[in-house]
Amino acid sequence: MPGPKPKPTVLKKLHGTYRADRCVDNEATFPTPIRMPSPPEGLNEDGAKLWRSLGKLLLDAGLYTSGDQIALELLCLAYGRMKEANRRIEEEGMVLRSVTGGFYQNPFLSIVTRSMDQVVKLLAEFGLTPAERTRVLSAVKSDREPDLAELLFSEVNDG
């Protein structure tokens with residue numbers, strides 16, 4: 001299908017561009033979890049940290065449903081890979097010397113570059129790039145008081 005890909009209704013509402021007469025009636029909807037699930041296995045420490053922090057922000061903003069789990073996992077996986085490869089570049093340097101004396105680019109640089117591209121694309125899917133963020137209206141009032149369950153279990157969820 002030519003043209004830009006369609007936006008989910010929730011993003012249209014947040015952008016302020018929602019029109020009922022242009023609404024798709026058969027758009028897939030998924031349940032919104034009460035709290036953020038634990039990070040999936042396979043994420044490194046940086047990816048798991050992003051899962052917990054960004055996932056909570058997305059959930060609180062009404063931008064995370066059970067159907068978004070794989071997309072968020074891919075984002076966290078790419079982010080964790082980017083951070084890990086970047087650490088290797090910092091340790092080894094961007095340019096390496098071969099046994100014959102020639103110079104070559106550290107192979108981890110291409111991993112960082114590809115992972116950065118993946119992270120930026122996936123951030124845009126959630127409306128989290130600077131350009132997308134300017135188009136998103138707040139879905140949740142920031143002065144919302146936590147309910148009793150959130151107060152009781154906040155330490156359990158944070159750990």
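Residues numbered from 1 in each chain as written. Predicted model: local features only at pLDDT ≥ 70, side-chain atom pairs only at ≥ 80, totals over all residues. Heavy atoms only, no water.

Visitor: Hey, could you run me through the overall build of the protein in this one?
Guide: Along the protein, the regular secondary structure elements total six helices and two strands. N-terminal to C-terminal, the α/β element order of the protein is α-α-α-β-β-α-α-α. Burial statistics for the protein: of 159 residues in total, 24% are counted as buried. Nonlocal contacts in the protein, meaning residues at least 24 apart in sequence, comprise 60% of its contacts between residues at least 6 apart. Of the accessible surface of the protein, which amounts to about 11500 Å², a share of 57% is contributed by carbon and sulfur atoms. (Helix = DSSP H or I, 4+ residues; strand = E, 2+ residues; numbered from the N terminus. Buried < 20%, exposed > 50% of the residue type's maximum accessible area, 1.4 Å probe, protein only. Contact = heavy atoms within 4.5 Å. Areas by Shrake-Rupley, 256 points an atom, 1.4 Å probe, with all protein chains shown as cover.)

Visitor: I would appreciate a short explanation of the pattern of salt bridges in the present structure.
Guide: Pairing between side chains of opposite charge can happen when their charged atoms approach one another. Per the stated rule, a full pass over the model turns up three salt bridges. Between Asp46 and Arg87 there is a salt bridge; the shortest N-O distance is 2.8 Å. Of the two residues, Asp46 is situated in helix α2 (residues 45–60) and Arg87 in helix α3 (residues 69–92); the sequence distance between them amounts to 41 residues. On the accessibility criterion, Asp46 (13% relative accessible area) is buried. Glu92 serves as the salt-bridge partner of Arg88, at 3.0 Å between the closest nitrogen and oxygen. Here Glu92 and Arg88 lie together in helix α3, a separation of four residues that amounts to about one turn. Given the relative accessible area of 34%, Glu92 is considered partly exposed. (Salt bridge = Lys/Arg side-chain N within 4 Å of Asp/Glu carboxyl O.)

Visitor: Sorry, what's going on with helix α4 (residues 108–125) here?
Guide: Count 3.6 residues to each turn of an α-helix, and residues three or four apart come out pointing the same way. With 18 residues, α4 should reach 26 Å at 1.5 Å per residue; the first-to-last C-alpha distance of 26 Å fits that figure. Considered for burial, the residues of α4 that qualify are Val112, Ser115, Val119 and Leu122. Mapping the buried residues of α4 onto a view down its axis gives an arc of 100°, with all of them on the same face. Seen from the buried face of α4, the exposed residues on the opposite side, beyond 90 degrees, are Arg114 and Lys121. Buried residues along α4 sit against α3. Positive backbone phi, at 75°, marks Gly127, one or two positions downstream of α4. (Expected span 1.5 Å × (residues − 1). Arc of directions from axis to C-beta.)

Visitor: What should I look at first to understand the nonpolar core in this one?
Guide: One recurring pattern in soluble globular proteins is that nonpolar side chains are buried together. Of all hydrophobic cores here, the largest spans 18 residues; its most connected members are Trp51, Leu58, Tyr64, Leu72 and Leu75. Considering each element in turn, this core owes the most residues, five residues, to α2. Not counting the four nearest positions on each side in its chain, Leu58 is found in contact with Leu63, Tyr64, Leu72, Phe126 and Leu128. (Core = buried A, V, L, I, M, F, W, Y, C linked by side-chain atoms within 4.5 Å.)

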